Amino acid sequence: MRVAFVGKGGSGKTTLSALFSRHLARSGAPVVAIDGDINQHLAYSLGLDEGELFAAPPLSARTGEIKDYLRGTNPRIPSRDAMVKTTPPGRGSRLLRLLGDDEIHRHHVQEVGGVPLMVTGAFAESDLGVACYHSKLGAVELYLNHLVDGPGEYVVVDMTAGADAFASGLFTRFDMTFLVVEPTRKSVSVYRQYRDHAAEFGIPVAVVGNKVTGDDDLGFLRSHVGDGLIAHCEQSSYVRAQEQGRGHGELEPQNTRTLDLLRAAVDARTKDWAAFQKHAVEFHLRNATAWANEATGQDLTTQVDPDFQHGPVALAAPA
């Protein structure tokens, strides 16, 4: 199952992404965390030392090679230049298994704090005025488009802050989106944006309250979010100690229970491969018409393979 953590900047979504990823990994579940935020802090939240660099190359540094690998022998994609971030897989495409022995996982995964992690790469000074951050996320979208994750397997993505995730089709690539909301009016306003955008596409969004200090905070969240609030985290001295480099102690019982509730909410979802592929095709056709046909000089609508069925059935199909 694919899980996204989103929210207002400073809401704690990166911290919760790290806590949830570690919670899954410590249970023995196969998990890959991906830092998809413009501020690349997930590795440090997972325990990478502040003076240490993440050694595995970022996904965005090898987007061309990733395209070459994923297009495989798909006759509808003649070259990497003809493949854009929304290009859906078809017959002949290389599909991925979580942490499989493939080029992408071998090159880009590094374990941090017991969690296999991939990063998109930071927004460099050379990108200013030339590219938007969504260009960095293209490799993540391609990865998720070609991944066949099985029962009990998890991908956890720390998304960029605010409602900016809706500027691309990436938000449709998840089985569950957790919106981290602080008990403040600004944070609640981001929730309303997400709720309204997600409703247009039938994307499930569940709210996780964060930095709750008492009944007043909890009451505020319930009054604004209602049944959308599925769990909450209390202000955490454990998290503060981790952020200060004092890696001792255990996460508070209330916050541990919240992580259990989040996993239960994810596990209760039913994987709908048909809907996943439908959304992929819809956004690809939309992007082809809006910009990609002109950018590539090709008719990218022909990349859609009408006979391709995503999911485990595609893995079993002959090459």
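Coordinates for the structure precede this section.
Being a predicted model, the structure only gives us computed values, none of them experimental. (Residues numbered from 1 in each chain as written. Predicted model: local features only at pLDDT ≥ 70, side-chain atom pairs only at ≥ 80, totals over all residues. Heavy atoms only, no water.)

*Asks:* Please explain the overall build of the protein chain as it appears in this structure.
*Replies:* Helix and strand counts for the protein chain stand at 11 helices and 8 strands. Since a compact globule built from 319 residues should have a radius of gyration of about 20 Å, the 19 Å found for the protein chain is in line with a globular shape. By its C-alpha atoms, the protein chain is 60 × 45 × 40 Å across when sized along the principal axes. Long-range contacts, defined here as pairs at least 24 residues apart, represent 74% of the contacts in the protein chain between residues at least 6 apart. The average position of the 31 basic charges and that of the 39 acidic charges among the side chains of the protein chain differ by 2 Å. (Helix = DSSP H or I, 4+ residues; strand = E, 2+ residues; numbered from the N terminus. Rg over C-alpha atoms; globule rule 2.2 N^0.38 Å. Contact = heavy atoms within 4.5 Å. Lys, Arg positive; Asp, Glu negative; His and termini not counted. Charge placed at Lys NZ, Arg CZ, Asp CG, Glu CD.)

*Asks:* What is the right way to read the pairing of strand S5 (residues 154-159) from this model?
*Replies:* Regular strands show a simple pattern: their side chains alternate between the two faces of the sheet. Within S5, 6 of the 6 residues are buried, leaving the element largely enclosed by the surrounding structure. Residues Tyr154, Val156 and Asp158 of S5 are buried on one face, and the alternating residues Val155, Val157 and Met159, pointing to the opposite face, are buried as well. Taken together, the 4 bridges between strand S1 (residues 2-7) and S5 define a ladder with parallel strand orientation. Of the residues in S5, the one forming a bridge with valine 3 is valine 156. (Buried < 20%, exposed > 50% of the residue type's maximum accessible area, 1.4 Å probe, protein only. Pairing = 2+ DSSP bridges.)

*Asks:* Whenever I open this one, the nonpolar core confuses me. Can you help?
*Replies:* It is characteristic of soluble globular proteins that their nonpolar side chains tend to be buried jointly. Counting 38 residues, the largest nonpolar core has Ile34, Leu70, Ile104 and Tyr143 as its most contacted members. Looking at this core element by element, the count peaks at 5 residues for helix H5 (residues 138-146). With sequence-adjacent residues up to four places away left out, isoleucine 34 is seen in contact with Leu42, Leu117, Met118, Val140, Tyr143, Val155, Val156, Val157 and Asp158. Judged by nonpolar contacts, the second largest core, of 24 residues, contains Met1, Leu24, Ala29 and Tyr154. (Core = buried A, V, L, I, M, F, W, Y, C linked by side-chain atoms within 4.5 Å.)

*Asks:* Got a minute to help me understand unusual backbone geometry in this structure?
*Replies:* A negative phi holds for most residues other than glycine; trans holds for most peptide bonds. Phi angles above zero are rare outside glycine, and leucine 99 is one such case at about 60°. With respect to the secondary-structure elements, leucine 99 resides in the loop between helix H3 (63-71) and helix H4 (103-108). The exposure class assigned to leucine 99 is partly exposed, which follows from its relative accessible area of 37%. Non-glycine residue lysine 211 carries a positive phi angle of around 60°. A relative accessible area of 28% means that lysine 211 is categorised as partly exposed.

*Asks:* How do you make sense of the sheet that holds S5 when you look at a structure like this?
*Replies:* Backbone hydrogen bonds hold the strands of a sheet together, and the pairing may be parallel or antiparallel. Spatial ordering of the open sheet is given by S3-S4-S2-S5-S1-S6-S7-S8, a layout of 8 strands whose pairing is mixed. Taken across any chain shown, the strands that pair with only one partner, and hence form the sheet edges, are strand S3 (110-112) and strand S8 (229-234). Averaged over neighbouring strand pairs, the angle between their axes works out to 30° when direction is ignored. Of the pairings in the sheet, the one linking strand S2 (residues 31-36) to S5 comprises 6 bridges and is parallel in character. Of the residues in S5, the one forming a bridge with aspartate 35 is aspartate 158. Across the sheet, H5 touches S1, S2, strand S4 (115-119) and S5, and the angle it forms with S2 is around 150°. Against the sheet, helix H9 (residues 253-267) contacts S1, S5, strand S6 (176-181), strand S7 (205-212) and S8, and its axis sits at roughly 155° relative to S8. (Axes fitted to C-alpha atoms, helices over the stretch in contact; angles between N-to-C directions.)

*Asks:* For this particular structure, what's the right way to read the pairing of S2?
*Replies:* Of all 6 residues in S2, 6 are buried; the element is thus mostly enclosed. Side chains Val31, Ala33 and Asp35 of S2 all project onto a buried face; the interleaved residues Val32, Ile34 and Gly36 project onto the opposite face, where all are buried too. Relative to S4, S2 is paired through 3 bridges, and the arrangement is parallel. Its bridge partner lying in S4, isoleucine 34 is registered against methionine 118.

*Asks:* Can you walk me through the packing of aromatic side chains in this structure?
*Replies:* Any aromatic ring pair is given by two values, namely how distant the centres are and how the planes are angled relative to each other. On inspection of all chains with the given rule, the structure shows 5 aromatic pairs. Relative to phenylalanine 283, the ring of phenylalanine 171 has its centre 5.8 Å away and its plane inclined at 90°; by these criteria the two rings are edge-to-face. Separated by 112 residues along the polypeptide, phenylalanine 171 in the loop between S5 and S6 and phenylalanine 283 in helix H10 (residues 273-296) bring together distant segments of the chain. Assigned by exposure class, phenylalanine 171 and phenylalanine 283 land together as buried. Seen in terms of ring centroids, tryptophan 273 and phenylalanine 276 are 5.6 Å apart; in terms of plane orientation they differ by 80°. Their pairing is edge-to-face. Here tryptophan 273 and its partner phenylalanine 276 are both found in helix H10, 3 residues apart, which amounts to about one turn of the helix. On the accessibility criterion, tryptophan 273 (13% relative accessible area) is buried. Residue phenylalanine 276 is classed as buried on the basis of its relative accessible area of 8%. Pairwise contacts between aromatic rings join Phe5, Phe20 and Phe178 into one cluster. (Phe/Tyr/Trp six-rings, centres within 6.5 Å; stacked < 30°, edge-to-face > 60°.)

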